[in-house]
Amino acid sequence: MRDIPLSERPRERLLREGPSDLQDVELVAILLGTGTRGTGVLAAAHALLAQFADLRRLASAGVAELCVVPGVGIAQACRLKAGLALAGRLGERPFSRGERLGCPRDVFERVGRRIASLEHEVFLAIALDTKHRVVGQHRVADGGVCSVEVLPRDVFTGVVREAAAAVIFVHNHPSGDPSPSTADEELTRRLTAAGVLVGVQVLDHVIVTNDGYYAFSEAKELRPGR
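Residues numbered from 1 in each chain as written. Predicted model: local features only at pLDDT ≥ 70, side-chain atom pairs only at ≥ 80, totals over all residues. Heavy atoms only, no water.

Quick question: what am I supposed to make of the sheet that holds strand S4 (residues 201-209) here?
Whether parallel or antiparallel, the strands of a sheet pair through hydrogen bonds between backbone atoms. Read across the sheet, five strands follow the order S2-S1-S3-S4-S5 without closing on themselves; strand pairing throughout is mixed. One side of each edge strand has no neighbouring strand; the edge strands of this open sheet are strand S2 (134-142) and strand S5 (212-215). Across the sheet, the mean angle separating the axes of adjacent strands is 20 degrees when strand polarity is ignored. Across six bridges, the pairing between strand S1 (residues 122-128) and strand S3 (residues 166-172) is antiparallel. Bridged to Leu 128 within S3 is Ala 166. Along the sheet face, helix H7 (residues 104-116) touches S1, S2, S3, S4 and S5 and points at about 50 degrees away from the line of S4. Against the sheet, helix H9 (residues 182-198) touches S1, S3 and S4, its axis set at about 155 degrees to S4. (Pairing = 2+ DSSP bridges. Helix = DSSP H or I, 4+ residues; strand = E, 2+ residues; numbered from the N terminus. Axes fitted to C-alpha atoms, helices over the stretch in contact; angles between N-to-C directions. Contact = heavy atoms within 4.5 Å.)

Structure (structure tokens):
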């Protein structure tokens, strides 16, 4: 960085010209702040963008993955993760209480994208009233990179407490493939049947990734006792 004239350094350019005129590598360098292990911050930023295919892949990388790149330590990795996570939330508009929920695409755009980039599976339940308006959202369980353990009693405890008439389940696949596993299909059958017993209609189960989603309702696979 010392070899670059002060006026051409990323932070000074941002102050003078605004962020829209800066290249990705310059913005990443600003987020990093400094390099480590004798590597300059711009060199570290170039190495990161060379290591990861695009900004989405960079945003989904774990701290350990980022720290393998020359010039990136834990502090730099955490700053980068925080900055990219905030950027990812700009387009989010989560459902608010009383808002009517639409199609699975709405669930994906408004709720699913928030969890799609996580490195572990999480399972959410969106509680709805008789007119399919949101009355609450619950994070039911956190799992590993390829599975999450969900028990019907844990799922419906919060939903019933909300006096919900219906529910939509959402969970992510860190693998990037939204196709349901055999375990996902079995869980959906169990939860749908349990919903009948407690008087809560299961409207959908949406599996999300960064690139898309799978909705059991669109595949017409929500039949109790199936």
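Teacher, can you tell me more about the packing of aromatic side chains here?
Each pair of aromatic rings is reported with the distance of its centres and the angle of its planes. All chains considered together, the criterion is met by four aromatic pairs. On the numbers, 5.5 Å between centres and 35 degrees between planes, the contact of Phe 108 with Tyr 213 is tilted. Taken together, the positions of Phe 108 in helix H7 and Tyr 213 in strand S5 put the pair 105 residues apart, joining distant regions of the chain. As far as the burial class goes, Phe 108 and Tyr 213 line up, both buried. (Phe/Tyr/Trp six-rings, centres within 6.5 Å; stacked < 30°, edge-to-face > 60°. Buried < 20%, exposed > 50% of the residue type's maximum accessible area, 1.4 Å probe, protein only.)

Hey, could you run me through the nonpolar core in this one?
As a rule of thumb, nonpolar side chains are buried together in soluble globular proteins. In this structure, Phe 123, Val 150, Val 155, Phe 156, Val 167 and Phe 169 are the most contacted members of the largest nonpolar core, which totals 23 residues. Counting only elements with at least two residues in this core, the list comes to S1, S2, helix H8 (152-161), S3, H9 and S4. Excluding its chain neighbours within four sequence positions, the residues that come into contact with Phe 156 are Val 167, Phe 169, Leu 191, Ala 194, Gly 195, Val 198, Val 200 and Val 202. (Core = buried A, V, L, I, M, F, W, Y, C linked by side-chain atoms within 4.5 Å.)

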